[in-house]
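Spelled out, the chains give:
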Amino acid sequence: MEDDSSPVLAGSSRRRASFAHCLLIESSDGLVLVDTGFGTGDIADPKRLGQPFRAMMRPELNESETAVSQVRAMGRDPADVRHIVVTHLDLDHAGGLSDFPQAKVHVFAPELEIAQNPPLVEKARYIQEQWAHGPDWVSHAVDGDTWFGFESVKPIDGLGDDVALVPLVGHSKGHSGVAVRGSGGWMLHCGDAYFFNAEVETPRRVTPGFRAFENITQWKRGPRMRNLERLQELRRDHGSEVELFCSHDPETFDAHAHSAE
Ligand SMILES: [Zn+2]
């Protein structure tokens, strides 16, 4: 069944595998990291990422680009990262977890469940070695909260409404966005809910290459497309209040990297 077969991130460009957009948030409860990208463990042992992934994506594994190096480069101590909120646990998002062993790792419950015990067709995307250190997992279920009409969870007790886990399943079983309220308003890190910015514009635009890639890498098409439509509506109706961006789009990544300098 097409909907249930999503082996690994395959058939993409080299550029797209070269970075994953992470956020570092200075909060009243210490530093909070959203996603981790590849980590030092992947650089020490690239083989753990699997031959098909490395052959097709050819990720550039560069120590200076890991989240832990970036945190140090900002003059901060990686040990001060108290919380990590993940959009999902695909290999290109979870590799850095072991670089922050003291952090609580917040994840939507269905994602943790499938990642720890993946069916055969999902095995290649979830690399068990990336969490062999035993992260301090905090698994979250939805409990009636909403964020701009989306079901949501407040993952970090002390931060109230300022950080929200927003389930956007489809790319993976427990894939979620992470909403963060900063001084300039809301940002929604959409993870891999889409790969190309114009997909949430009205009218939507997508290239055949991205469309094929998203179909190959999805867990289920139905919920993925429904969530994509909802993100498009969110951008249309609330675009002045919420900035949406996805993990692997180079334009927003570059814009945010420059604004953080
Ligand atoms: Zn990804």
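In this text, all values refer to a predicted model and were calculated from it rather than measured experimentally.

(A) Representation of the overall build of the protein chain. When helices and strands are tallied, the protein chain shows nine helices and eleven strands. Against the compact-globule benchmark of 18 Å for 261 residues, the protein chain has a radius of gyration of 17 Å, which places it among compact chains. Principal-axis analysis of the C-alpha atoms gives the protein chain an extent of 45 × 45 × 35 Å. Look at the contacts in the protein chain between residues 6 or more apart in sequence, and 67% of them connect residues 24 or more apart.

(B) Representation of the pairing of strand 1 (residues 23-27). As judged from the five bridges shared by strand 1 and strand 2 (residues 30-34), these two strands associate in the antiparallel manner. Considered in strand 2, the bridge of Ile25 is made with Val32.

(C) Region of the structure containing the environment of Phe108. Relative to the assigned elements, Phe108 resides in strand 4 (residues 104-108). Put simply, Phe108 and Val86 are 22 residues apart on the chain and 8.3 Å apart in space, counted from C-alpha to C-alpha.

(D) Examining the sheet that holds strand 5 (residues 136-140) more closely. The strand order across the open sheet built from five strands is 1-2-3-4-5, with neighbouring strands paired in mixed fashion. Sheet topology places strand 1 and strand 5 at the edges, where each strand pairs with a single neighbour. On average, adjacent strands in this sheet sit at an angle of 25° to one another, irrespective of strand direction. Pairing of strand 4 with strand 5 involves five bridges; the strand directions are parallel. Considered in strand 5, the bridge of Phe108 is made with His140. Packing against the sheet, helix 6 (residues 109-116) makes contact with strand 4 and strand 5, and its axis sits at approximately 100° to strand 4.

What counts, and at which threshold
- Residues numbered from 1 in each chain as written.
- Predicted model: local features only at pLDDT ≥ 70, side-chain atom pairs only at ≥ 80, totals over all residues.
- Helix = DSSP H or I, 4+ residues; strand = E, 2+ residues; numbered from the N terminus.
- Rg over C-alpha atoms; globule rule 2.2 N^0.38 Å.
- Contact = placed C-beta atoms within 7 Å.
- Pairing = 2+ DSSP bridges.
- Axes fitted to C-alpha atoms, helices over the stretch in contact; angles between N-to-C directions.

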